[in-house]
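Analysis of the macromolecular model
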Amino acid sequence: MAQKPQWVEVAGVPYGTPATSTHCGFCAMQCAMQLHPDGTVKPLPHPINKGRLCVLGLTSGALLGHTHPLRTPLVRQKGQL
């Protein structure tokens, strides 16, 4: 029997926007995870991560909607960034 898609309802995101299955790109393990439109991340069963994620993977969803993302590298000049 096929599983029903998971739906998320969040302010600013149209109802019915499905979660996206993807992988974490922070390290070479490439653990499987599911990103939800509200920025939450859930681990998926995978031979490497066995349904778990490290701290970097779990917090990766917060980077999607960050209000002040870095657009250029930070350069230290005379001790100041």
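Further up the page is the structure itself.
The text that follows walks through the structure, step by step, so that each part is easy to find. Predicted model, so just to flag it, every value in this text is computed and none were measured.

1. Considering the side chain of His 36
Relative to the helices and strands, His 36 resides in the loop between strand 4 (32–35) and strand 5 (41–43). The exposure class of His 36 is buried, given its relative accessible area of 6%. A polar atom in the side chain of His 36 sits 3.4 Å from the side chain of Gln 34.

2. Looking at the nonpolar core
The nonpolar side chains of soluble globular proteins are, as a tendency, buried together. Listed in full, the six residues of the largest apolar core are Cys 24, Cys 31, Met 33, Leu 35, Val 41 and Leu 53. In this structure, Cys 31 is in contact with Thr 22, His 23, Cys 24, Ile 48, Asn 49 and Leu 53, ignoring residues within four places of it in sequence.

3. Considering the side chain of Gln 34
For Gln 34, the position within the fold is in strand 4. Its relative accessible area of 12% is what places Gln 34 among the buried residues.

4. Here's the deal with the state of the cysteines
If you walk through the whole model with that rule in mind, you get zero disulfides. Left without a disulfide partner, Cys 27 is nearest to the cysteine sulfur of Cys 31, which lies 5.6 Å away. Residue Cys 27 is classed as partly exposed on the basis of its relative accessible area, which comes to 39%. The exposure class of Cys 31 is buried, given its relative accessible area of 13%.

Definitions and limits used
Residues numbered from 1 in each chain as written. Predicted model: local features only at pLDDT ≥ 70, side-chain atom pairs only at ≥ 80, totals over all residues. Heavy atoms only, no water. Helix = DSSP H or I, 4+ residues; strand = E, 2+ residues; numbered from the N terminus. Buried < 20%, exposed > 50% of the residue type's maximum accessible area, 1.4 Å probe, protein only. Polar contact = N/O pair within 3.5 Å; in protein donor to acceptor, adjacent residues only side chain to side chain. Core = buried A, V, L, I, M, F, W, Y, C linked by side-chain atoms within 4.5 Å. Contact = heavy atoms within 4.5 Å. Disulfide = S-S within 2.5 Å.

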